[in-house]
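# Coordinates in review
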There are 4 protein chains.
Amino acid sequence: MTVDGQRLGIVIMNSLQPNECSQEQALYSEGLNQRLIAEWEATRRQTEALCEPLSIEDMSLQADSPPKWHLAHTSWFFETFILSELVPSYQAFHPRFEYLFNSYYNAVGEQFDRSKRGLLSRPSLDEVIAYRRYVDQQMMRLLSGDDRLSDDDTCILLTRCMLGVQHEKQHQELLLMDIRYSLFQNPLLPEYQAGYLLKPHKKEQQTQSRETLWVSHEGGLVEIGADHNVGDEHFCFDNELPRHSTYLEPFQIAKNLVTNRDYLKFIEAGGYSRPECWLADGWSTVNNQNWTSPLYWLKQESQWFEFTLAGLQPLDLDAPVTNISGYEAAAFAEWAGARLPTEAEWEFAVSQAESHSSESLNQVYTFGWQWTASAYQAYPGYRPEQGAIGEYNGKFMSNQWVLRGGASISPANHLRVTYRNFFYPQDRWVTTSIRLAR
Amino acid sequence: MTVDGQRLGIVIMNSLQPNECSQEQALYSEGLNQRLIAEWEATRRQTEALCEPLSIEDMSLQADSPPKWHLAHTSWFFETFILSELVPSYQAFHPRFEYLFNSYYNAVGEQFDRSKRGLLSRPSLDEVIAYRRYVDQQMMRLLSGDDRLSDDDTCILLTRCMLGVQHEKQHQELLLMDIRYSLFQNPLLPEYQAGYLLKPHKKEQQTQSRETLWVSHEGGLVEIGADHNVGDEHFCFDNELPRHSTYLEPFQIAKNLVTNRDYLKFIEAGGYSRPECWLADGWSTVNNQNWTSPLYWLKQESQWFEFTLAGLQPLDLDAPVTNISGYEAAAFAEWAGARLPTEAEWEFAVSQAESHSSESLNQVYTFGWQWTASAYQAYPGYRPEQGAIGEYNGKFMSNQWVLRGGASISPANHLRVTYRNFFYPQDRWVTTSIRLAR
Amino acid sequence: MTVDGQRLGIVIMNSLQPNECSQEQALYSEGLNQRLIAEWEATRRQTEALCEPLSIEDMSLQADSPPKWHLAHTSWFFETFILSELVPSYQAFHPRFEYLFNSYYNAVGEQFDRSKRGLLSRPSLDEVIAYRRYVDQQMMRLLSGDDRLSDDDTCILLTRCMLGVQHEKQHQELLLMDIRYSLFQNPLLPEYQAGYLLKPHKKEQQTQSRETLWVSHEGGLVEIGADHNVGDEHFCFDNELPRHSTYLEPFQIAKNLVTNRDYLKFIEAGGYSRPECWLADGWSTVNNQNWTSPLYWLKQESQWFEFTLAGLQPLDLDAPVTNISGYEAAAFAEWAGARLPTEAEWEFAVSQAESHSSESLNQVYTFGWQWTASAYQAYPGYRPEQGAIGEYNGKFMSNQWVLRGGASISPANHLRVTYRNFFYPQDRWVTTSIRLAR
Amino acid sequence: MTVDGQRLGIVIMNSLQPNECSQEQALYSEGLNQRLIAEWEATRRQTEALCEPLSIEDMSLQADSPPKWHLAHTSWFFETFILSELVPSYQAFHPRFEYLFNSYYNAVGEQFDRSKRGLLSRPSLDEVIAYRRYVDQQMMRLLSGDDRLSDDDTCILLTRCMLGVQHEKQHQELLLMDIRYSLFQNPLLPEYQAGYLLKPHKKEQQTQSRETLWVSHEGGLVEIGADHNVGDEHFCFDNELPRHSTYLEPFQIAKNLVTNRDYLKFIEAGGYSRPECWLADGWSTVNNQNWTSPLYWLKQESQWFEFTLAGLQPLDLDAPVTNISGYEAAAFAEWAGARLPTEAEWEFAVSQAESHSSESLNQVYTFGWQWTASAYQAYPGYRPEQGAIGEYNGKFMSNQWVLRGGASISPANHLRVTYRNFFYPQDRWVTTSIRLAR
């Protein structure tokens, strides 16, 4: 898969240590800088653009994290991991923001209680915007080369900046997930924006059959993971490394995602009250939380609706089911006589399709992250980076499941076949979907 | 006690049934109307004035209830209990507000989850203000007599309007309590308003000795409670009725409130780690919640500070201790070899002082509500009103304690000697204080 | 009221300080000793007799506290408050029992976690019985006068021993409450003993009408509470002191207790789904705990049964309803257009009946403790004893309600008109009942 | 690996479907029967023998599940999955035991609340023993061939019986884990049996060095899992199937387990207060549960002790550390600059050693189950059995980690190189240990 604009013509792996930035790479850096700066600027603008439909009061809503907090935290990231490290004279915008907007980096210091983020009326939205401006100004100065940096520091700047850009893109998606979930708590069911994302991929959707179409693979010893030894490669997170061999048995993977129509059959067949479909922990969750349908489904006078960023909408039976937990995905698969693909199967199948070596799959990056059967664990040989930045991915490798692909709300220039997303199997506010295997 | 402007020249008891509004009272109503309208208008304005120091983001803060919610709920009260009942053609401002802004009236219907009030970014503050304007306009029309009401309905209008005014004053105090508590959750410790309420009663404060001064009473058969059979009487809540006899043993009551200096001695004497001072439920609470000092006290570099509506301030040792729970008040009293007064003792002692029959007490209405040793229960002969309005007070008569007097943040024209405030003994965000007895 | 055998011919108030044991009383002590020893021996035997129907496995059952724990704790009481204090050479039976079997006396020291009492398989039942024998032997030696005690110590011995006897009687009742509740957790619904307490008071029961019969009282200034200044008086707990005046409005009190038939009507009228009947805290409890009928009621194939110490029995509609919480009692009373009596009303009415000054009340001590409308608080002038023993009653004076009378499972020689029992209004495993007032 | 007596000379896979029991296998069945019956009898006896050191009161102790419950549940297993299915005239011992002693088989029906197992004083221990005798008698009759069974039923009998034997062995280990944990709740720290398992493997222990010794493997494409196509094979659980290929990078695995001495260094280096060592979920657990050392370690007067089945013992610094959670194991490995092995690495390394193709590993089956880095998931091609028995393993494949090897308390004839044990990473009462890899 090629997502336009994603390739930067040089290895910008966040896992590179300073001394791994070779001289050749440094030579590239001028050209790179221009592309990186452009991407950085566009990303910073886009985060704010996503907030435009929101009122100032929406900006503090916390069912999970408030949009205002996302605005601040993504700036904190550049301040903490670039400005504070590379600019000796750097003055923090506010002495307490290090604490307030640290998400989970223990090596940076204590963090403000996550559950109270919605209680931070101060700093005001205006102050947070000023914080963004301040950080942007300092970053621009650094990126434009006004300050003379050593080669090592230049390397840190480039790799951290690219990581910060991708980090901010992740928060763009989280922001939309969070605001949808927050607005859903309001009985008025307010919309984020009229018409937002409604039928965005109608064409792709219409191509699908109501029968599950299977794409077959013979398996064998295959390679997965990102590869930073290849010269012209795009960014990846450290958890995608290293590229490594894995052995696959023959398998089939569904060409299309499971639709709302399919999932409704599962509900109507009593899926939520049949323990034999569910993992034991899933069945406990179903009963403790009284799940009877996907999170955003509402039944009104015998008709099903779905709460979306465009408000309450009639359920589109031909669209892929989204926002289901991993437990629900696994239970549906069991009920359907199938299973979820492993992440290696998924990556191999999608890679083959992208290189035209096999029949293509539909809806890979366009509807919802696809739950896999794989627990989120380290690839063989994985080592997180040294220092606080090493907490980015590695410490979450327990109790979560890998998801692959992307979602309708994923930002541009962000997705790739090796991308490993991860959430807890009980999470429902994520834009997920189901692709079956067998 | 005479609180200026509080007397309205007629009995406006909220417990009056329509047919209890006698003809004579009706005759008064024109003059009354003018005074009531003035009081009503001033109260409505004052609630909004209290919000002036707050940003739009502060208005949604929910450690307990958001200011915006208070603005809406106090309008809901007039809409639900007056406009909807007396104006046949009344159109609700919004069909879902009955549900969203109902606090606890089961007879009106289901209520939106109290813990999610902070998640209501919609209606926006602007819409809530518009709601207030709409209700005010309709109320003014009714109060101005443009609509012809029956005598019974006039009586309902007058009694309910007065109740609504007093209800709104209660919420003015709650709003200040809530915002202080909400701002306290923010590590930046922002202030509500610079200088707010600092040293408001310096003069009264300075008169007090460091020794406990006792005022003695002989007790005997006395009367307490409000009396609606007396012609020229002010408003009261139904829980102050009826006036009744009670027998008091001889007792002494402290002339002054317990100071921060006194309370600090209790802390320094290990009060929070001496179970013998505490009620059993209090001792559990101390340990489960790790109490070691009053809620708003913070120790920084061996100096004590107090978080106030004017931000963090050095602890004023001569000022009365405030914002302590009932358990803390009782433990302090036990440690000091005294006890809390019963509500009957308190009311009798203050009444005597107000009628100049005994030595006066200081700081009765000006610092903090004074915890009594009395559980909140019905007076003999108490009957709540019929219908939803009967839920105002009566259903809370379990597990709470009576507090008497008033607080620095209590609104004008709101306090009186018979007033029975009530909170749970573990509540700390209330502006409370301690007056000893023995 | 005279409960046979309860009068001891001398003041044995647990609140007496040593120096209050006058010379005259000391003279009585020999005759007293004989009666006290007899009562003490009978009580110790009776506790063990209550365990006879239980298997060794039942003895460790902990829904609340295990029977084995009651056996040990009642011995601990004599050991801690008499033997350890009065016998200089006393050797504790086991050095850790002070910790293991301390219920809640902070002044004695830390207590083993109440919720883990069922996890104490050691000491074994045999060891606990040996502990009882050891304590009994030491106590008997002390009571028989073999050791020479000072007058003060003799006074302590007598008052503490009587307190220990009454304490053990309280635990006899708790033991039966606890074992019923524990057996109820078992789906096999095992019985404590076939036929136990079935129809014990059939005769009294049959006298009652299906209409509520009211006994009227004029009220006025009356005295309640125990009086230790009268020579020939029985034991009381410190919370019954001092006798004091209180003023009563005219009231009526029901001659009989509310029956299962009455209560069933409340259920059938939708009582458990009508918020207007309930206190706010009660209504929360109903909903959080899904109450739809009394704790021990079970409906099988449209017939109601009650789980009793004799196993599951058809509900006796003519018998008083028992084992209802205070919230249920108050809700029933509200629904029935009545209220619960205050403890002063109850005591006055029963006292008058016992002295033949008024019509008698039925079922005062024979079915279930009667919830009152009174929160459990100190009488005016109440002072708990000094030291650990002062924790017996006083520290529980918050959040609980007073109950009066007695229960079918109350031991002999234990009840009296001034007795103040107390439980939380949500407690349901207590043998309670409802007597209405208005 | 050959564990003596474990091989039965025929394929007894629990995953065999009736029609997979070939004729040839049936021919073997007579000889098999004798060996199976012997193993079955020995196992049933052994479970009861494990209870001999326990008092009747110990038998009901529930910190997790009571020994008495294990005695009943292991009988329930034979009753439910063999007797009820194969003997048309079978009369259940007690109609409610199906419900009371069902652990987690939803397809069998509802289950009694796990947390209340300790509240079942009835059935008594005597009744549970009688239940065992009854089931044993019926089983013996079936196994002895008195009833004529069809070939299919014979196959079910043999496979289910072998499964029941292994199931009971698992419960023997659980019983010892549970009783240790239950006794640990008692402040008297009673022992299960004096000297039990103390220094059981002293010789093996002494061989180890204080330096980590590493065994190197080149990896490559290897096979793991059990193989039921090989004729002379022992029992396995369905989750060990099928045997399949997997690719391993070169790795090293520790020859010995981590010792208490090693682990103490981690503690002394501040391991429990250094977030950088811990997985995020592990760090939360450390803080929420205040972990500062392994579950059974106690420090008294600056010396470390360990609570064992033989009571409190001085910590043996040369013995492997046991009873640590997966989070603790992973944190130790991180701190030590190593990692946990994957289950494939572990199985491959142990297989090689058992076939003498590589240097042997120590302490594989003799101290504690070794945490792996692998989440517990299905092998490729895994299918659970049909029906209730399919709930045995498959439904637990989320949130748990695989452990390999065996423990000092594991029963004889139970362990093998392909065995996949699984527990939650927060579990500490399991007899676990740490083998490092890198």
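Before going into details, it helps to say that this report is about the structure given with it.

## Some remarks on the packing of helix H2 (residues 67–86) of chain D against helix H4 (residues 125–143) of chain D
Axes are the key here: two packed helices are described by the angle between their axes and the distance separating the axes. All names here are of chain D. Interhelical geometry of H2 versus H4 gives an angle of 30° and a closest axis separation of 9 Å. Relative to H4, H2 is oriented roughly parallel. Like other packed secondary-structure pairs, H2 and H4 cross with a definite hand, here left-handed. Along the contact surface, H2 presents Lys68, Leu71, Ala72, Thr74, Ser75, Trp76, Phe78, Glu79, Ile82, Leu83 and Leu86, while H4 presents Leu125, Val128, Ile129, Tyr131, Arg132, Val135, Gln138, Met139 and Leu142. Split by residue class, the contact of H2 with H4 holds 14 nonpolar, 3 polar and 3 charged.

## Some details on the environment of Thr259(D)
For Thr259(D), the position within the fold is in the loop between strand E4 (251–254) and helix H7 (260–268). Taking the C-alpha atoms as reference points, Thr259(D) and Asp147(D), 112 residues apart in sequence, are found 54 Å from one another.

## Quick notes on H7(D)
Residue and element names in this part refer to chain D. Burial runs high along H7: 7 of the 9 residues are buried. Residues of H7 that are buried include every one of Asn260, Arg261, Asp262, Tyr263, Leu264, Phe266 and Ile267, and no others. One or two positions beyond H7, positive phi appears at Gly270, with a value near 80°.

## A look at the packing of aromatic side chains
Any aromatic ring pair is given by two values, namely how distant the centres are and how the planes are angled relative to each other. Applying the stated criterion across every chain, the model contains 161 aromatic pairs over all chains. Between Phe266(B) and Tyr272(B) the ring centres are 5.8 Å apart and the planes differ by 50°, which places this aromatic pair in the tilted class. A relative accessible area of 0% means that Phe266(B) is categorised as buried. Centroid distance Tyr263(D) to Trp297(D): 6.0 Å. Interplanar angle 75°. Geometry classified as edge-to-face. Within this pair, whereas Tyr263(D) is found in helix H7, its partner Trp297(D) is found in strand E5 (residues 297–300), the two being separated by 34 residues in sequence. Its relative accessible area of 0% is what places Tyr263(D) among the buried residues. For Arg117(A), the ring lying beneath its charged end belongs to Trp69(A), and the centroid distance is 3.6 Å. The ring of Trp291(B) is capped by Arg428(B), whose NZ or CZ atom sits 4.0 Å from the centre of that ring.

## Side note on the interface of chain B and chain A
Between chain B and chain A, the residue contacts involve 29 residues of the former and 29 residues of the latter. Summed over both sides, the interface of chain B with chain A buries roughly 2500 Å², with 57% coming from carbon and sulfur. Of all residues in chain B, Glu57(B), Leu119(B) and Arg122(B) give up the largest surface area on contact with chain A, accounting jointly for 31% of the area buried on that side. Linking chain B to chain A there are 4 salt bridges. Two residues, Asp58(A) and Arg122(B), come together in a salt bridge whose shortest N-O distance is 2.7 Å. Applying the counting criterion to the chain B and chain A interface returns 12 residue pairs in polar contact (both at pLDDT 80 or more).

## So, the interface of chain C and chain B
By a frequent convention, interface size equals the accessible area lost on bringing the separate parts together. Opposite the 30 residues of chain C that make contact, chain B presents 30 residues. In this assembly, chain C packs against chain B so that about 2200 Å² is buried in total across both faces, 48% of it on carbon and sulfur atoms. On the chain C side of the contact with chain B, Tyr247(C), Asp281(C) and Asn399(C) bury the most area, a combined 21% of that side's loss. On inspection of chain C and its partner chain B, the count reaches 0 salt bridges. At the junction of chain C with chain B, the criterion picks out 12 residue pairs in polar contact (both at pLDDT 80 or more). Counting only elements with at least two residues in the side of chain C that touches chain B, the list comes to strand E3 (244–248), helix H8 (280–288), helix H9 (326–335) and strand E8 (369–375) of chain C. Top element by residues in the side of chain C that touches chain B is E3(C). It accounts for 4 residues. The residue makeup of the side of chain C that touches chain B, split by class, is 16 nonpolar, 9 polar and 5 charged.

## As for the relation of the copies chain B and chain A
Note on the chain copies: they are related by a rotation about an axis and a translation along it. Under the fitted operation, chain B is carried onto chain A by 0.0 Å of movement along the axis and a turn of 180°, and the coordinates agree to an RMSD of 0.0 Å. The transformation relating the two chain copies, once decomposed into turn and shift, fits a two-fold axis. Judged by C-alpha distance, Glu57(B) is the residue of chain B that lies nearest the rotation axis, at 3.0 Å. Interface overlap between copies is the fraction of interface residues in one copy that are interface residues in the other; for chain B against chain A it reaches 100%, indicating a shared surface.

## As for the nonpolar core
Formed by 123 residues in total, the largest nonpolar core has its most connected members in Met139(A), Tyr192(A), Tyr263(A), Trp278(A) and Ile434(A). For this core, the element with the highest residue contribution is helix H5 (residues 151–184) of chain A, accounting for 13 residues. With sequence-adjacent residues up to four places away left out, Trp278(A) is seen in contact with Phe266(A), Gly271(A), Tyr272(A), Trp283(A), Val286(A), Tyr327(A), Glu328(A), Ala331(A) and Lys395(D).

## Examining the sheet that holds strand E9 (residues 401–404) of chain C
Residue and element names in this part refer to chain C. An order of E10-E9-E8-E11 is seen for the 4 strands of this open sheet, with the pairing classed as mixed. The two strands at the open ends of the sheet, each matched to only one other strand, are strand E10 (421–423) and strand E11 (432–433). Note: E8 against E11, 2 bridges, orientation parallel. Bridging from a neighbouring strand, Trp369 pairs with Thr432 of E11. Its contacts with the sheet place helix H10 (residues 343–354) against E8 and E9, and it is angled at close to 15° to E9.

## Some words on the relation of the copies chain C and chain B
Overlay of chain C on chain B (RMSD 0.0 Å): rotation 180°, translation along the axis 0.0 Å. The share of interface residues of chain C whose copies in chain B are also at the interface is 100%, consistent with both copies meeting through the same surface.

Calculation rules
- Throughout this document, residue positions are counted from 1 along each chain, in the order its sequence is written.
- In the order they appear in the text, chains get letters beginning with A and ligands get numbers beginning with 1.
- Side-chain atom pairs in this predicted model are given and counted only at pLDDT of 80 or more, local residue features only at pLDDT of at least 70, and totals for whole chains, interfaces and linings cover all residues.
- Side-chain metrics rest on all non-hydrogen atoms present in the structure, leaving aside hydrogens and water.
- Lines are fitted to the C-alpha atoms to define the axes, a helix being fitted only along its stretch in contact, and any angle between axes, read from their N-to-C directions, falls within 0 to 180 degrees.
- A helix here means a DSSP run of H or I that spans at least four residues, while a strand means a run of E at least two residues long, and both kinds are numbered starting from the N terminus.
- When an angle is under 35 degrees it counts as roughly parallel; over 145 it counts as roughly antiparallel; between 65 and 115 it counts as roughly perpendicular; any other value is oblique.
- Crossings are classed by handedness, with left-handed meaning an anticlockwise turn of the near helix from the far one by less than a right angle and right-handed meaning a clockwise turn.
- It only takes one pair of heavy atoms within 4.5 Å for two residues to be counted as in contact.
- When residues are grouped by polarity, Ala, Val, Leu, Ile, Met, Phe, Trp, Tyr, Cys and Pro land in nonpolar, Asp, Glu, Lys and Arg in charged, and all others, Gly among them, in polar.
- Three labels apply to residues, based on accessible area from a 1.4 Å probe with only protein chains included: buried if under 20% of the type maximum, exposed if over 50%, partly exposed otherwise in between.
- Only Phe, Tyr and Trp rings are paired, with Trp represented by its six-membered ring, and only when their centres lie within 6.5 Å; those with planes under 30 degrees apart are stacked, over 60 edge-to-face, the remainder tilted.
- Only Lys NZ and Arg CZ are tested; either one counts as a charge over a ring when it is within 6 Å of the ring centre and within 35 degrees of the ring normal.
- By convention, the term buried area covers the 1.4 Å-probe accessible surface removed from two parts as they join, with the contributions of both added.
- Any carboxyl oxygen of Asp or Glu within 4 Å of a side-chain nitrogen of Lys or Arg constitutes a salt bridge here.
- Each polar contact in these results corresponds to two N or O atoms within 3.5 Å; when the atoms are within protein, one needs to be able to donate a hydrogen and the other to accept it, and residues that are neighboring in sequence are counted only if both atoms are side-chain atoms.
- Copies overlap after least-squares fitting; the atoms used are the C-alpha atoms of residues with pLDDT of at least 70 in both.
- Nonpolar cores are built from buried Ala, Val, Leu, Ile, Met, Phe, Trp, Tyr and Cys residues. Side-chain atoms within 4.5 Å join them into one set.
- Only when DSSP finds a minimum of two bridges between them are two strands counted as paired.

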